[in-house]
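Here are the chains, one letter per residue:
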Amino acid sequence: VMVEVTDVRRRWARGTVVEVLDASPDRVAPPCPLFGPGRCGGCTMQHIAVDRQAALLGEVISDQVQRIARLEVPGGVVEVLTPHTGDGLGYRNRARFTVTDDGRLAFRRARTHDPIVVEDCPLLTARARELQAVMTQGWRDVTEVQLQVGSDGSGPLAVTATGRDPVVPSTLPVPVARRGRRRRVSRDARVRHAVGGRTFVAGATSFF
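Residues numbered from 1 in each chain as written. Predicted model: local features only at pLDDT ≥ 70, side-chain atom pairs only at ≥ 80, totals over all residues. Heavy atoms only, no water.

Draft legend 1. Just the packing of aromatic side chains, in detail. Inspection of every chain in the model, using the stated rule, returns 2 aromatic pairs. Judged by centre distance (4.9 Å) and plane angle (20°), the rings of F97 and F107 are stacked. In this pair, F97 sits in strand β3 (residues 94-99) while F107 sits in strand β4 (residues 105-108), placing the two residues 10 residues apart along the sequence. You can call F107 buried: its relative accessible area is 9%. For the pair F200 and F208, a centre-to-centre distance of 5.8 Å together with 45° between the ring planes defines the contact as tilted. For F200, a relative accessible area of 35% translates into the label partly exposed. (Phe/Tyr/Trp six-rings, centres within 6.5 Å; stacked < 30°, edge-to-face > 60°. Helix = DSSP H or I, 4+ residues; strand = E, 2+ residues; numbered from the N terminus. Buried < 20%, exposed > 50% of the residue type's maximum accessible area, 1.4 Å probe, protein only.)

What follows is the structure, given as structure tokens:
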């Protein structure tokens, strides 16, 4: 690839791909039109085939477990079982939004803090997309909205407000928990995830 180096540090550098000269067989066309440099920064792997995505994630986790936690990984590599459908979409149950000045939900533009309005994210589960569709606008005095959908379809929102009385869309079909300066969330904002015959309870802002 041809890369434009944008940031140089003592032990590493960061760059942006300008041109792909010899494409990997695992490179695919990103399914989302907002994916790519200068566009939505909500995800980073849509240009990679789904099976290869899983293998890469396994390598990353294995490296962290062995190098940082200093634990042995049986077989050398963690096997990641992706919950994707065949196209690699519709599996994320969690989204974190910023709010624009005119009260619309947005993600961050890649490698910036600039908002980019995304009214429908194809990586989200069907239920999460339904909720996103009815909460895209109408927010006031809110800086951040976090959505997480449980296995039962419940999806409380955690809202970081700038004042005591934030304005939220009147169409919301889910409970809203306000976060204060200390960023604590009401204990009512809990999500249940069924995994492998067990049920785990996570906070609305937890990464599960």
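Next comes the rest of the write-up.
Draft legend 2. How the structure looks around the side chain of Q53. By the element assignment, Q53 lies in helix α1 (residues 50-67). Only 2.9 Å separates the side chain of Q53 from the backbone oxygen of I48, close enough to count as a polar contact. (Polar contact = N/O pair within 3.5 Å; in protein donor to acceptor, adjacent residues only side chain to side chain.)

Draft legend 3. Looking closely at a nonpolar patch on the surface. Taken together, the side chains of V1, V3, V5, V8, V17 and V20 present a nonpolar region at the surface, about 500 Å² in accessible area. Ranked by residues supplied to the nonpolar patch, first place goes to strand β1 (residues 2-8) with 3 residues. Counting through the fold element by element, V1 comes out in the segment before β1. (Patch = residues over 30% accessible without salt bridge, like charges linked within 9 Å, V, L, I, M, F, W, Y side chains within 5 Å. Areas by Shrake-Rupley, 256 points an atom, 1.4 Å probe, with all protein chains shown as cover. Salt bridge = Lys/Arg side-chain N within 4 Å of Asp/Glu carboxyl O.)

Draft legend 4. Broad picture of unusual backbone geometry. The phi dihedral of R70 falls on the positive side, at around 55°, and the residue is not glycine. Positionally, R70 belongs in the loop between α1 and β3. Using a relative accessible area of 69% as the deciding quantity, one classes R70 as exposed. Positive phi values are uncommon outside glycine, yet R111 reaches one of about 60°. Tracing the sequence through the fold places R111 in the loop between β4 and β5 (115-116).

Function-wise, these values are silent; they only describe arrangement.
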